[in-house]
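An overview of the molecular structure
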Amino acid sequence: MKRIAILGSTGSIGRNALRVVDALPGRFRVVGLAAHSNGDLLLRQAARYKPAMVSLFDPAAARRLEGRRNGTRALAPGVEGLVELAGHPDVDLVLTSLVGGVGFAPLLAAVRAGKTVALANKEPMVMAGAQFMREAKRWGARIIPVDSEPSAVFQCIQGSLAAPGRVLLTASGGAFYRRRGSLARVRPAEALRHPTWKMGPKITIDCATLMNKGFEAIEIQHLFGLGHRDIAILIHPQSIVHSAVEFRDGSVLAQLAPPDMRLPIQYALTYPERLPSVVRRLDLAAAGSLTFQEPDFRRFPCLALAREAAAAGGAVPAVLNAADEVAVAAFTAGRIPFTSLARVVERTLRAFRGGRALPSFSEVVEIDQWARRKAQEECDRR
Ligand code: MG
């Protein structure tokens, strides 16, 4: 039995991962569950899966849990508990489905403990993907992507002795791709309505700005050792082709499936095996036509900024990530308009004076904090 820990068990990836665990009895033992602040759901999950360890990030929520655990040890709140769980000797596989830069230290702990990491939390890979890959090699850790697009790439290269030459990264386009007219007045509730995927608020807003696709391009670049120019982005509103790989000879392999996160989650949890799954089968005739088009970088400037940051390299993607996280929080709280998201990110990037060299992990943390302060100032001015 694979002993797994889920960092982010009450979010959409975490809940789907537990459905995968349910569907494959005898395969997994859940030894740790960590959530942000949904103590009620965490308790229900703990009662059912009986993990040895649980952790709640939010200290106030963690206090309310006290005295309500039976046989389960509560870890420290905050990053401390996440780091302990991620590197714990009783854990074989760590699923990181946290949201944002908070997953940086837990990912580092998992990698340095030589774990198999099922990676859904892409932000740390945007911040320091090259460094994480180097560290994983050093400690014998393995990072397996969970997100549907990098999982598609990972699936397409299985059994291939040749490295991928180019990745065709597909994007649904998010909530506003087909909308006409100005996006200045769109409300957070509209941006939170994703056409094909049901996900948490941060990633759904990132999909609406297409920043998420920019992040995925950076993540894929590092996971598969590609250059930033080797990744082409295509708008594919049907979300059936989850991405494709082009080899040197021009042959293209794609991975197709209905949009259901349980499939890439299961593949990451059971890799290298492929097991039966409850996911609905793909009916290509019913899907009808599959369409692809170039993204509109002018209407979605966050994607252009992300491509620029990928080209600059060094610490620039970490600045991009931090500024985006602050801007998304401000937009979600109704403090800045949708179109200011890109402005906040752009102004933070332009203010960054760091070099192109690859920063150490601790330098990344410092740069992240600087960029958050700078982006906050930019939001406050709006
Ligand atoms: Mg994705």
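Predicted model only: the values in this text are computed from it and were never measured. Position numbers for residues count from 1 along each chain, tracking the sequence in the order it is written. Note on the predicted model: pLDDT of at least 70 is required for a residue's local features to be given, and 80 or more for side-chain atom pairs to be given and counted; whole-chain, interface and lining totals, by contrast, use all residues. Computation of side-chain values covers all heavy atoms of the structure but excludes hydrogens and water.

With respect to the domain arrangement of the protein chain
- For the domains described, the bounds stem from an automatic or database domain assignment. Split by domain assignment, the protein chain resolves into domain 1 (2-145), domain 2 (147-271 + 279-299) and domain 3 (313-382).
- Each partner contributes residues to the interface: domain 1 has 24 residues there, and domain 2 has 25 residues.
- Summed over both partners, the accessible surface that disappears when two parts come together, traced with a 1.4 Å probe, is what is meant by buried area. Of the roughly 2,300 Å² buried between domain 1 and domain 2, counting both surfaces, carbon and sulfur atoms make up 72%.
- Contact with domain 2 buries area across many residues of domain 1, yet Lys122, Val126 and Pro145 alone supply 29% of it, more than any other trio. Two residues qualify as a contact provided that any one of their heavy atoms is within 4.5 Å of a heavy atom in the partner residue.

Things to note about the nonpolar core
- Of all hydrophobic cores here, the largest spans 124 residues; its most connected members are Val146 and Leu320.
- Only DSSP runs of H or I with at least four residues qualify as helices, and only runs of E with at least two residues qualify as strands; both kinds are numbered from the N terminus onward. The biggest single contributor to this core is helix α14 (residues 316-332), with eleven residues.
- When neighbours within four sequence positions are excluded, leucine 320 is seen to be in contact with Met211, Phe215, Ile218, Leu305, Ala306, Ala309, Val345 and Leu349. In this text, buried Ala, Val, Leu, Ile, Met, Phe, Trp, Tyr and Cys residues form a nonpolar core when linked through side-chain atoms within 4.5 Å. Each residue's exposure class comes from its accessible area (1.4 Å probe, protein chains only) as a fraction of the maximum for that residue type: buried when under 20%, exposed when over 50%, partly exposed otherwise.

Some details on the side chain of serine 239
- Topologically, serine 239 is positioned in the loop between β9 (231-235) and β10 (241-246).
- Those residues in contact with serine 239 that lie beyond four places of it in its chain are Ser172, Thr196, Trp197, Ala257 and Pro259.

Examining the environment of valine 94
- Looking at the element boundaries, valine 94 is found in strand β5 (residues 93-96).
- The buried category is assigned to valine 94, whose relative accessible area is 0%.
- Through-space distance from the C-alpha of valine 94 to that of alanine 110 is 7.1 Å; in sequence the pair is 16 residues apart.

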